[in-house]
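# Observations on chain architecture
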Amino acid sequence: MPKVIIHTTMGDITVELDAEKAPIGTENFVHYVMDGWYKGTLFHRIIPNFMVQGGGLLPGMEDKPSDEPIENEADNGLKNDRGTIAYARTMDPHSATTQFFINLKDNSFLNHSGKNMQGWGYAVFGKVTDGMDVVDAMAKVQTTSRRGHQDVPVEDILITGTTLIED
């Protein structure tokens, strides 16, 4: 199982990716990590007792262009439990690209329940193995609204880089 260290301005977060149960999500994330794509993106949405989200916007709340969306594999049996990493998406179940979130608590309502608009859920593709204290600290920062986005940290939390560790 590959691991990725997400270096942030608040500290490092290590995530172990589940290439067996989430091969599409793992391959997609590793592709962006290997390209250095996440460097300079924000953790732009923080909702205490829910999740922290990042990996798609630049400072100033500008979208960073990404590749094509991936297939939703939320039916892989992995659950949106505390410490898991999952893909953010639009209302279209198959719209995930680069944005991800880390669950701050068990969020079972995000789990797959059926292959329909209401049931697709959000695809988990790994879990935090080190640095959950950093994620919990993010959940305590002050947030505001900025450029049409809510729950944005008042002070930018940047991803300063990523490191792939293959076992």
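The structure under discussion appears in the preceding block.
Residues numbered from 1 in each chain as written. Predicted model: local features only at pLDDT ≥ 70, side-chain atom pairs only at ≥ 80, totals over all residues. Heavy atoms only, no water.

This brings us to the overall build of the chain. If you tally the helices and strands in the chain, you get two helices and twelve strands. Counting from the amino terminus, the chain carries its helices and strands in the arrangement β-β-α-β-β-β-β-β-β-β-α-β-β-β. Expected size for 167 residues packed as a compact globule is a radius of gyration near 15 Å; at 14 Å, the chain falls within 12% of this value. Across its three principal directions, the C-alpha atoms of the chain cover 40 × 35 × 30 Å. Residue burial in the chain is summarised as follows: out of 167 residues, 50% are buried. Within the chain, counting contacts between residues at least 6 apart in sequence, those at least 24 apart form 68% of the total. When the accessible surface of the chain is split by element, carbon and sulfur atoms take 48% of a total near 8,100 Å². (Helix = DSSP H or I, 4+ residues; strand = E, 2+ residues; numbered from the N terminus. Rg over C-alpha atoms; globule rule 2.2 N^0.38 Å. Buried < 20%, exposed > 50% of the residue type's maximum accessible area, 1.4 Å probe, protein only. Contact = heavy atoms within 4.5 Å. Areas by Shrake-Rupley, 256 points an atom, 1.4 Å probe, with all protein chains shown as cover.)

The next point concerns the pattern of salt bridges. Summed over all chains, the structure comprises three salt bridges. The salt bridge partner of Lys115 is Asp75, with a shortest N-O separation of 3.1 Å. Within this pair, whereas Lys115 is found in the loop between β8 (100-103) and β9 (124-130), its partner Asp75 is found in the loop between β6 (62-63) and β7 (84-87), the two being separated by 40 residues in sequence. A salt bridge links Arg82 to Asp136, with the shortest nitrogen-to-oxygen separation between them at 2.7 Å. Within this pair, whereas Arg82 is found in the loop between β6 and β7, its partner Asp136 is found in helix α2 (residues 132-138), the two being separated by 54 residues in sequence. On the basis of relative accessible area, Asp136 is assigned to the partly exposed category, the value being 25%. (Salt bridge = Lys/Arg side-chain N within 4 Å of Asp/Glu carboxyl O.)

To continue, consider the environment of Gly25. Its place among the elements puts Gly25 in helix α1 (residues 23-34). Taking the relative accessible area as the measure of exposure, Gly25 reaches 1% and is therefore buried. Those residues within four positions of Gly25 in sequence are excluded, and the remaining contacts are Ile70, Glu73, Tyr87 and Phe125.

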